[in-house]
Amino acid sequence: MKFMKLGSRPDTFYTAQAVRSVSSEVSSDLVVQVKGSRYLLHKFPLLSKCLRLQRLCSESPETSQHHIVQLPDFPGGVEAFELGAKFCYGITITLSAFNIVAVRCAAEYLQMTEDVEKGNLTYKLEVFFNSCILHGWKDSIVTLQSTKEFSSWSEDLGITSRCIEAIASKVLTHPSKVSLSHIYSRRERDDESCNGAESQRHKPLSKGWWAEDMAELGIDLYWRTMIAVKSCGKMPSSLIGEALKIYAARWLPNISRERNVSKQVASDSDSDSTNEITSKHRVLLESIVSLLPAEKGAVSCSFLLKLLKAANILDASSSSKMELARRVALQMEEATVRDLLIPSISYANSTVYDVDLVITILEQFMVQGQSPPTSPPRSKLGFERRRSRSAENIVLAFQESRRSSSASHSSKLKVAKLVDGYLQEIAPDVNLPLSKFIALAEAIPDFSRLDHDDLYRAIDIYLKTHPDLNKSERKRLCRTLDCKKLSVEACMHAAQNELLPLRVVVQVLFFEQARPAMGSGKVTELPSNIKALLAAHNIDPSRPETALSTTTSIPADDQWSVSGLRTPKSKVSTLRMKLAEDDLNESDLQSEGLRRTSKFKSFCALPTRPKRMFSKFLSINRNTSEKN
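Below: a short report on this structure. (Residues numbered from 1 in each chain as written. Predicted model: local features only at pLDDT ≥ 70, side-chain atom pairs only at ≥ 80, totals over all residues. Heavy atoms only, no water.)

### Some remarks on the sheet that holds strand β3 (residues 19-22)
Going by this rule: Strand pairing is assigned whenever DSSP detects at least two bridges linking the two strands. Labels follow the DSSP assignment, with helices taken as runs of H or I lasting at least four residues and strands as runs of E lasting at least two, numbered in each case from the N terminus. Under this scheme, a helix contributes an axis fitted over its contacting stretch, all axes are lines through C-alpha atoms, and angles between N-to-C directions fall in the 0 to 180 degree range. Residues are treated as being in contact if the distance between any of their heavy atoms lies within 4.5 Å.
Read from one edge to the other, the open sheet built from five strands follows the order β2-β3-β5-β4-β6, with strand pairing classed as mixed. Each end of this open sheet is capped by a strand with a single partner; those strands are β2 (13-16) and β6 (67-70). Geometrically, the sheet is characterised by an average inter-axis angle of 25° between neighbouring strands, direction not taken into account. Examined bridge by bridge, β3 and strand β5 (residues 37-41) share three bridges and lie parallel to one another. In the sheet register, Val19 faces β5, and the bridge partner there is Arg38. Sheet strands in contact with helix α3 (residues 77-89) are β2, β3, β4 (30-34) and β5, and its direction is about 5° off that of β5.

So, in structure tokens, the structure goes:
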């Protein structure tokens with residue numbers, strides 16, 4: 001770092017009986033009191049350079065031996081005053097980026113200007129500041145940090161603004177043209193190996209070399225400096241985002257929910273101190289949010305969700321939360337389930353995670369104006385064709401539309417998997433309301449779920465955790481589930497799930513029976529009584545079945561047990577229970593000549609394998625038609 005030495009005499013200041021004096025053959029005649037400290041000095045060297053001391057001495061009464069001068073509001077304290085006094089005596093002082101601000105404020109307070117004496121302290125400090133401090137990278141950072149203790153003085157003297165401008169200009173300059181002072185030069189020397197090799201010495205610095213040093217600044221100065229960097233418009237948004245990530249990691253604590261809970265039981269004094277710290281962190285967080293680049297992808301979705309978690313815990317402003325939620329929605333396909341597990345801090349709502357915040361993010365994701373996953377309608381294409389000047393423009397516009405549509409569709413597929421995984425994580429929460437679970441499940445369009453295995457797993461977990469749900473609530477819960485999109489493993493599990501409504505079990509059994517026929521392309525006409533049974537449960541067997549995924553990987557601890565399917569008793573008892581509790585009555589199938597007893601027989605006399613389930617119904621129908 002740069003430094004400057006002034007004066008040539010040795011230091012002769014000493015302390016005696018709590019009084020600082022200077023060794024001299026001439027008796028002292030001036031007493032200066034600075035913030036509780038007492039200095040016994042001489043008028044001539046000080047008054048010849050300090051206009052303020054001249055005026056104070058002329059205004060104060062003179063005692064028999066000494067003039068007494070009070071300086072209670074002296075900037076920089078006793079250290080800065082002593083450096084100024086030593087300069088007046090010609091004693092050697094060393095100035096650097098660490099103390100130049102304090103000495104400059106002291107010189108301004110004492111009015112050590114050129115009007116009093118040529119080559120005074122103020123002039124020398126300004127020359128050193130402009131020619132050396134502002135030209136060095138680390139010197140500018142350290143000087144700007146030190147202005148925090150003398151904020152008002154530094155603002156008036158222009159020290160703060162000049163340091164910010166110097167730092168911003170260096171950030172936008174190539175590192176090879178910046179004097180990086182001792183930090184990076186030392187790193188380059190350390191890269192030299194013991195045998196004198198310099199393989200790493202000339203390794204070029206990364207484009208974000210400035211981020212770590214700037215992270216040492218307080219949030220006020222950092223915010224102003226980053227605004228100056230962004231205002232130039234030359235810095236890539238990704239580098240700004242990376243710098244903000246480094247700064248947040250440096251200053252934002254790892255706040256947990258337990259810390260917030262322990263705050264309530266703390267004493268009043270501890271609570272006041274904690275509230276003050278929390279308030280500082282809140283201001284810091286909101287400032288970081290305001291500095292986020294507007295471009296999508298400038299920061300990762302994981303980092304945005306970490307900021308959102310901190311904002312939720314620190315009770316940041318609603319505008320900051322909404323801004324973070326909007327930015328997360330733009331990149332939600334990059335998120336993970338772990339990122340979405342935002343702790344809930346509302347004691348009125350005893351849920352483990354803040355589901356409302358995730359619902360808000362999903363709503364923002366769905367209203368982004370993304371294109372539907374289909375080709376543009378023909379009418380629109382025709383309109384564009386009439387407006388286009390050439391066929392080439394038409395082709396380019398159509399290809400661009402297809403690309404945007406594909407990207408939108410792909411992101412929705414990823415978000416659907418993400419939401420289903422999130423539902424599995426929050427389903428074990430006994431305090432999670434059914435309405436919020438359903439709102440999350442229905443927030444995703446139907447086409448975005450290629451298979452419903454993860455959704456069914458989440459529903460199964462929720463049913464087990466909430467056994468007190470009534471029949472209508474269970475039906476509402478399963479309304480989003482599409483049995484046609486369940487894998488073989490999921491169908492086998494659902495066929496014996498006693499917690500599912502009967503309607504869902506009937507759908508599962510039908511589509512499991514129809515799966516081989518659909519796969520071979522041979523669809524058998526169903527009897528009228530079976531059609532009536534399916535119609536009673538809003539099942540349309542005439543709709544073609546989509547391709548089913550049978551390659552779903554299921555963790556070993558989450559695999560569904562299918563051993564119960566091999567025992568007829570478990571299946572029969574399950575269906576008997578569901579038929580007894582369901583609201584099916586005798587009039588369901590009377591129009592087709594199938595009595596209530598035959599219906600019960602057909603359900604209860606099920607074979608051991610699900611694929612032969614509906615063959616029993618078909619045989620019963622044939623016997624009935626032959627008799628007639």
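### Focus: the side chain of Glu82
Along the chain, Glu82 turns up in helix α3. For Glu82, the residues in contact, after removing those within four places along its chain, are Phe13, Arg20 and Tyr39.

### Points about the pattern of salt bridges
Short version of the rule: We count a salt bridge whenever a side-chain nitrogen from Lys or Arg sits within 4 Å of a carboxyl oxygen from Asp or Glu. Only protein chains enter the calculation, and the probe is 1.4 Å; a residue is then buried if its accessible area is under 20% of its type maximum, exposed if over 50%, and partly exposed in between.
Following the criterion strictly, the structure yields 21 salt bridges and no others. Among the salt bridges present, the one from Arg20 reaches Glu82, with a minimum N-O distance of 2.6 Å. Here Glu82 lies in helix α3 and Arg20 lies in strand β3, a separation of 62 residues in the sequence. Of the residues examined, Glu82 reaches a relative accessible area of 13% and is grouped as buried. The partner of Arg479 in a salt bridge is Glu442, with the nearest N and O atoms 3.1 Å apart. Of the two residues, Arg479 is situated in the loop between α23 (471-477) and α24 (488-495) and Glu442 in helix α21 (residues 434-442); the sequence distance between them amounts to 37 residues. Taking the relative accessible area as the measure of exposure, Glu442 reaches 39% and is therefore partly exposed. Salt bridges here are not isolated pairs; linked through shared partners, they connect Asp11, Arg20, Glu82 and Lys86.

### Considerations on the packing of aromatic side chains
Quick note on the threshold: Pairs were defined over the aromatic rings of Phe, Tyr and Trp, the Trp ring being its six-membered one, requiring ring centres within 6.5 Å. Orientation was assigned from the angle between planes: stacked under 30 degrees, edge-to-face over 60, tilted for the rest. Any Lys NZ or Arg CZ found within 6 Å of a ring centre and within 35 degrees of that ring's normal is scored as a charge over the ring.
Under the counting rule described, the total for this entry stands at 10 aromatic pairs. Seen in terms of ring centroids, Phe74 and Phe81 are 5.5 Å apart; in terms of plane orientation they differ by 90°. Their pairing is edge-to-face. With respect to burial, Phe74 and Phe81 carry one shared label: buried. Plain terms: the ring middles of Phe437 and Tyr462 are 4.8 Å apart, the flat faces sit at 35° to each other, and that makes the pair tilted. One end of the pair, Phe437, is in helix α21; the other, Tyr462, is in helix α22 (residues 453-465), and 25 residues separate them in sequence. You'll find Phe437 and Tyr462 in the same group, each marked buried. In this structure, Lys86 packs its charged tip against the face of Phe13, placed 5.7 Å from the ring centre. Above the face of the Trp251 ring, Arg250 is positioned so that its terminal group lies 4.2 Å from the ring centre.

### Notes on the packing of helix α6 (residues 137-146) against helix α8 (residues 159-171)
Stated formally: Throughout, a crossing is termed right-handed when the near helix is turned clockwise from the far one, and left-handed when it is turned anticlockwise from it by less than a right angle. The classification used treats Ala, Val, Leu, Ile, Met, Phe, Trp, Tyr, Cys and Pro as nonpolar, Asp, Glu, Lys and Arg as charged, and all other residues, Gly among them, as polar.
As a packed pair, α6 and α8 sit with axes 9 Å apart at the nearest point and diverge in direction by 145°. As for the relative orientation of α6 and α8, their crossing is left-handed in sense. Contact residues: Trp137, Ser140, Ile141, Thr143 and Leu144 in α6; Ile159, Thr160, Cys163, Ile164, Ala166, Ile167, Lys170 and Val171 in α8. Considering only residue class, the contact of α6 with α8 consists of nine nonpolar, three polar and one charged.

### With respect to the nonpolar core
Spelled out, the test is: Buried Ala, Val, Leu, Ile, Met, Phe, Trp, Tyr and Cys residues that are joined via side-chain atoms within 4.5 Å together make up what is termed a nonpolar core.
Grouped together as the largest cluster of nonpolar side chains are 149 residues, with contacts concentrated most on Leu71 and Trp210. Tallying contributions element by element places helix α4 (residues 100-110) first for this core, with nine residues. Beyond its immediate chain neighbours, meaning those up to four positions away, Trp210 contacts Trp137, Val171, Met226, Met235, Leu239 and Ala243.

### Let's talk about unusual backbone geometry
One non-glycine residue, Gln17, lies in the positive phi region at around 55°. Here Gln17 shows up in the loop between β2 and β3. Within the chain, Asp315 stands out as a residue other than glycine whose phi angle is a positive 55°. Assignment of secondary structure puts Asp315 in the loop between α15 (301-313) and α16 (318-330). A relative accessible area of 51% places Asp315 in the exposed class.

### What about α4?
Of all the 11 residues making up α4, 10 are buried; the element is thus mostly covered by neighbouring parts of the structure. Of the positions making up α4, those classed as buried are Ile100, Val101, Ala102, Val103, Arg104, Cys105, Ala106, Ala107, Tyr109 and Leu110. The positive-phi residue at the C-terminal boundary of α4 is Gln111, with phi of around 60°.

### A word on the environment of Ile461
Note that Ile461 resides in helix α22. Judged by relative accessible area, which is 24%, Ile461 ranks as partly exposed. Spatially, the C-alpha atoms of Ile461 and Asp429 are 9.7 Å apart, while their sequence positions differ by 32 residues.

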